Amino acid sequence: MYSKITKVILILMFTALNFYAQEKAKTSEASRDDAAIRANVEQMAKGWNAKSGAGFAKPFAEDADYVIVNGIQIKGRAAIDKGHQDIFDTIYKNSTLTVSVEQIRFLRPDVALVHVGSALSVTRENSTRSYNGKVTLVMTKNKDKWEIAAFQNTQVQAPGN
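This next bit is on the overall build of the protein chain. Helices and strands together make up the secondary structure of the protein chain, namely three helices and six strands. Counting only residues that meet the buried cut, the protein chain has 30% of its 161 residues in that class. Residue pairs in contact within the protein chain that sit at least 24 positions apart in sequence constitute 48% of those at least 6 positions apart. A total of about 10400 Å² of accessible surface is found on the protein chain, and carbon and sulfur atoms cover 57% of it.

Let's shift gears to the side chain of asparagine 40. Of note, asparagine 40 is situated in helix H1 (residues 4-49). Owing to a relative accessible area of 13%, asparagine 40 belongs among the buried residues under this scheme. The residues touching asparagine 40, leaving out its near neighbours within four places in the chain, are Pro59, Met139, Trp146 and Glu147.

The next point concerns the pattern of salt bridges. This model, assessed by the stated rule, comprises eight salt bridges. Across the pair aspartate 65 and lysine 75 runs a salt bridge, and its minimum N-O distance is 3.3 Å. Within this pair, whereas aspartate 65 is found in strand E1 (residues 60-67), its partner lysine 75 is found in strand E2 (residues 73-75), the two being separated by 10 residues in sequence. Between lysine 134 and glutamate 102 there is a salt bridge, and its shortest N-O distance comes to 2.4 Å.

Between its first and last C-alpha atoms helix H3 (residues 77-88) spans 16 Å; for 12 residues at 1.5 Å apiece the expected length is 16 Å, and the two agree. Considered for burial, the residues of H3 that qualify are Ile80, His84 and Phe88. In a view along the axis of H3, the buried residues occupy a sector of 60 degrees, so they form one face of it. Those residues of H3 that are exposed and aimed more than 90 degrees away from the buried face are Ala78 and Lys82.

To continue, consider the pairing of strand E6 (residues 145-156). In this structure, E1 lies alongside E6, joined through four bridges in parallel fashion. Residue pairing for E6: aspartate 65 is matched across the bridge by alanine 150. Pairing geometry for strand E5 (residues 127-142) and E6, over 11 bridges, is antiparallel. Pairing of valine 138 across the sheet is with alanine 150, part of E6. Two successive antiparallel strands, E5 and E6, enclose a turn made up of two residues, where lysine 143 displays a positive phi of approximately 55 degrees.

Time to look at the packing of aromatic side chains. Taken as a whole and judged by the stated rule, the model has nine aromatic pairs. On the numbers, 6.0 Å between centres and 65 degrees between planes, the contact of tryptophan 48 with phenylalanine 56 is edge-to-face. By relative accessible area, tryptophan 48 is classed as buried at 8%. Taking the relative accessible area as the measure of exposure, phenylalanine 56 reaches 3% and is therefore buried. Three or more aromatic residues joined by ring pairs form one cluster here, namely Trp48, Phe56, Phe60, Tyr66, Phe88, Tyr92 and Phe151.

Okay, the pairing of E5 next. Two elements, strand E4 (residues 111-124) and E5, share 14 bridges in a ladder whose sense is antiparallel. Along E5, the bridge assignment pairs arginine 124 with serine 127. Taken together, E4 and the strand that follows it, E5, pair antiparallel across an intervening segment of two residues, in which glutamate 125 is found at a positive phi of about 50 degrees.

So, about the sheet that holds E2. Pairing in this open sheet of six strands is mixed, and the strands run E2-E1-E6-E5-E4-E3 from one edge to the other. Of all strands in the sheet, those with a lone pairing partner are E2 and strand E3 (95-108), marking the two edges. Across the sheet, the mean angle from the axis of one strand to that of its neighbour is 15 degrees, orientation sign disregarded. The strands touched by H3 within the sheet are E1, E2 and E6, with E1 carrying the most contacts at an inclination of about 60 degrees.

Calculation notes
Residues numbered from 1 in each chain as written. Predicted model: local features only at pLDDT ≥ 70, side-chain atom pairs only at ≥ 80, totals over all residues. Heavy atoms only, no water. Helix = DSSP H or I, 4+ residues; strand = E, 2+ residues; numbered from the N terminus. Buried < 20%, exposed > 50% of the residue type's maximum accessible area, 1.4 Å probe, protein only. Contact = heavy atoms within 4.5 Å. Areas by Shrake-Rupley, 256 points an atom, 1.4 Å probe, with all protein chains shown as cover. Salt bridge = Lys/Arg side-chain N within 4 Å of Asp/Glu carboxyl O. Expected span 1.5 Å × (residues − 1). Arc of directions from axis to C-beta. Pairing = 2+ DSSP bridges. Phe/Tyr/Trp six-rings, centres within 6.5 Å; stacked < 30°, edge-to-face > 60°. Axes fitted to C-alpha atoms, helices over the stretch in contact; angles between N-to-C directions.

Right, dumping it as C-alpha cells:
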C-alpha cells in the first residue's frame, strides 16, 4: 500500500500537471486571440488596397462605431462599407495603406484595446503625399470571433506642424 508521503507526492504531481495544462491552454488561447486580432487589422489594409469597401468593413461589428480622422462619426458596418467604397472610387482610388499593430491590451478576455500605426500614400496628378496615423480600436470577441466594435483614426502631425 501507498504511504502517506507517496500519496501526497502523487497529489502534488497531478496538481502540478493540471496547472501546467491549464496554463498551456490559456497561452494557446491568447496566441489564437492575438493572431485573430492581427488578421482583422490586416483585413482592413487588404480591403483598402483592393479598393473594396466590403473588404475593408469585413472585420467590423454590425453596429460598429467609426470616427474618421476629421471627427465625423459613422455607425455600422454597412455605412463603413459604403463610405469607404465612395472614397475608393474617388479621392483615394490611387492610394496605398500599410498598417502595423503596435499594441494589443486585453481589458478582459473578450475585449481588447488595439493601437495600430498607419501610413497612407496618395497619388493625385503626378504628386504623391504621405500621411501617418494612429488608429485606436476596441475589439470584442463574440462566439469565438473577434470584431472591431469601435475605430478612432488620428492623423499624426510632424513636429512643428
